[in-house]
Amino acid sequence: MSTVAVVGSLNIDLVIRAPHCPQKGETLIGGAFGMAGGGKGSNQALAAARLSAKSHIIGCVGSDDFGRRLKSVLTENGVDCSHLQTRKEAPTGTAVITVTDEGDNSIVISQGANSLLDDGAMAGAMNIFETSDAALFQMESPAKTVIAGLKLSRQHGCRTFLSAEPPYSLPREAWQNIDYLILNERALGFYAGHKLHKSSLTAMANEILNRGVKCLAVTQSSKGGMIFAKNGDHFSFDAFNIRSVDNTGARDAFCAGLCVGLCEGMPLKRAAKFASACGALACTKIGAHPSMPWRHQVSALLGEAHGDDYEL
Ligand code: RIB
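Residues numbered from 1 in each chain as written. Predicted model: local features only at pLDDT ≥ 70, side-chain atom pairs only at ≥ 80, totals over all residues. Heavy atoms only, no water.

Asks: Would you mind showing me how to read the sheet that holds strand β9 (residues 159-163) here?
Replies: Neighbouring strands of a sheet are bound in pairs by backbone hydrogen bonds; such pairs are parallel or else antiparallel. With mixed pairing, nine strands are arranged side by side in an open sheet as β5-β4-β1-β8-β9-β10-β11-β12-β13. Strand pairing shows two members of the sheet lacking a second neighbour, β5 (80-87) and β13 (234-237), which therefore form its edges. Between one strand axis and the next, the sheet turns by 15° as a mean value, whatever way the strands run. With four bridges connecting them, strand β12 (residues 225-229) and β13 associate as antiparallel partners. Each bridged residue has a counterpart across the sheet, and for phenylalanine 228 the counterpart in β13 is histidine 234. Sheet contacts for helix α5 (residues 143-155): β8 (134-138) and β9; angle to β8, the most-contacted strand, approximately 170°. The strands touched by helix α10 (residues 268-282) are β10 (180-184), β11 (215-219), β12 and β13; relative to β13, the strand with the most contacts, the crossing angle is about 25°. (Pairing = 2+ DSSP bridges. Helix = DSSP H or I, 4+ residues; strand = E, 2+ residues; numbered from the N terminus. Axes fitted to C-alpha atoms, helices over the stretch in contact; angles between N-to-C directions. Contact = heavy atoms within 4.5 Å.)

Structure follows, in structure tokens:
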């Protein structure tokens, strides 16, 4: 069993279905409303646990009903919450999400207690980093914390994964502490400083690898994605053919899948396929937490028994 430390955000997602995402100044009559657990950190921690890793969450919630609800869902699913802080100074993070009839989304976040996760929390999680195979980060936590956490977890023997969403600038030294970087095309363009052209995807990826990242995964929704490794290895992976009802949290499921797969010793190609199956399954249900896939569902989609060897 692999052990994964997830450093990041926890939100309650307020989800409304709508015919399309609202334009500037537009009021839309939407459809059903729902509320579910979310936040990129908590989605990834939950997914890692459901994929049968030992999973820890390091984050902050407020001292309110939303915070209690998140903690209880994570605990029930086997996520270790001993480094989840309950803070009185701010409410639990909230995300307002519009999901279109095609299953696409747009998200606005009120960070709340997520903004209180500081580098002291990273130092306090040293014992978790020491016993984990990997540490997973996203960018809904303060930059200073993410940068400190990447460095510290790496120093304590973790492979580091950064799902750089929503992207913000990183200092030069931070790149060298990232083993696996997961980006969508928009974030890739942001970091490489290029407009997106198919022909320039490899050029942009090489630019990122040259900053010290060991491996870059570029996710391309229903087109699958590409993997670029520092050793020159690069390949594309397919998306699974599913009917998407809500893609919220799909990249979180992908990241958890990639991380768990690699920590279990899967070769990179195999781990990318496993991650892609996790991402696909997350699109088949409404809501982030409810859609994080279980290991047996992933095995079924891949057409194999859990525990098969990893030859492609
Ligand atoms: O990645 C999806 C997540 O982004 C949602 O659960 C929402 O809370 C935001 O953090």
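Asks: Sorry, what's going on with the side chain of glutamate 165 here?
Replies: Position of glutamate 165 among the secondary structure elements: in the loop between β9 and α6 (172-175). Within the local environment of glutamate 165, its side chain forms a polar contact with the side chain of arginine 186, the two groups lying 3.3 Å apart. (Polar contact = N/O pair within 3.5 Å; in protein donor to acceptor, adjacent residues only side chain to side chain.)

Asks: Hey, could you run me through the confidence of the model for the protein chain in this one?
Replies: As a note on interpretation, predicted positions should not be read in detail where pLDDT is low. Chain-level statistics for the protein chain give a pLDDT mean of 94 and a share of 96% at 70 or above. Between residues 307-312, whose pLDDT stays under 50, and residues either more than four places distant or in other chains, the model counts nine contacts. (pLDDT = per-residue confidence, 0-100.)

Asks: So what exactly am I meant to see when it comes to the pairing of strand β1 (residues 3-7) here?
Replies: Strand residues, when the strand is regular, have side chains that alternate between the two faces of the sheet. Most of β1 is tucked away, with five of its five residues classed as buried. By the alternation rule, side chains of β1 split into Thr3, Ala5 and Val7 and Val4 and Val6, which are all buried. Direction of pairing for β1 relative to strand β4 (residues 54-62): parallel, over a ladder of five bridges. Bridged to alanine 5 within β4 is histidine 56. Here β1 runs beside β8; their pairing, made up of four bridges, is parallel. Counterpart to valine 4 in the pairing with β8 is alanine 134. (Buried < 20%, exposed > 50% of the residue type's maximum accessible area, 1.4 Å probe, protein only.)

Asks: Just to check I follow, could you spell out the site of the ligand for this structure?
Replies: Lining the immediate surroundings of the ligand are 13 residues, of which Asp13, Gly39, Lys40, Glu140 and Asp252 lie closest. One of the side-chain N or O atoms of asparagine 43 is found 3.1 Å from an oxygen atom in the ligand. Separating an oxygen atom of the ligand from a side-chain N or O atom of aspartate 252 is a distance of 2.7 Å. Look at the ligand: alone it shows 280 Å² of surface, and the protein chains cover 96% of it. Every element with two or more residues in the shell around the ligand is listed here: β2 (11-18), α1 (40-50) and β7 (105-110). When the residues that make up the shell around the ligand are grouped by side-chain class, the tally is four nonpolar, five polar and four charged. (Near = heavy atom within 4 Å. Areas by Shrake-Rupley, 256 points an atom, 1.4 Å probe, with all protein chains shown as cover. Nonpolar A, V, L, I, M, F, W, Y, C, P; charged D, E, K, R; others polar.)

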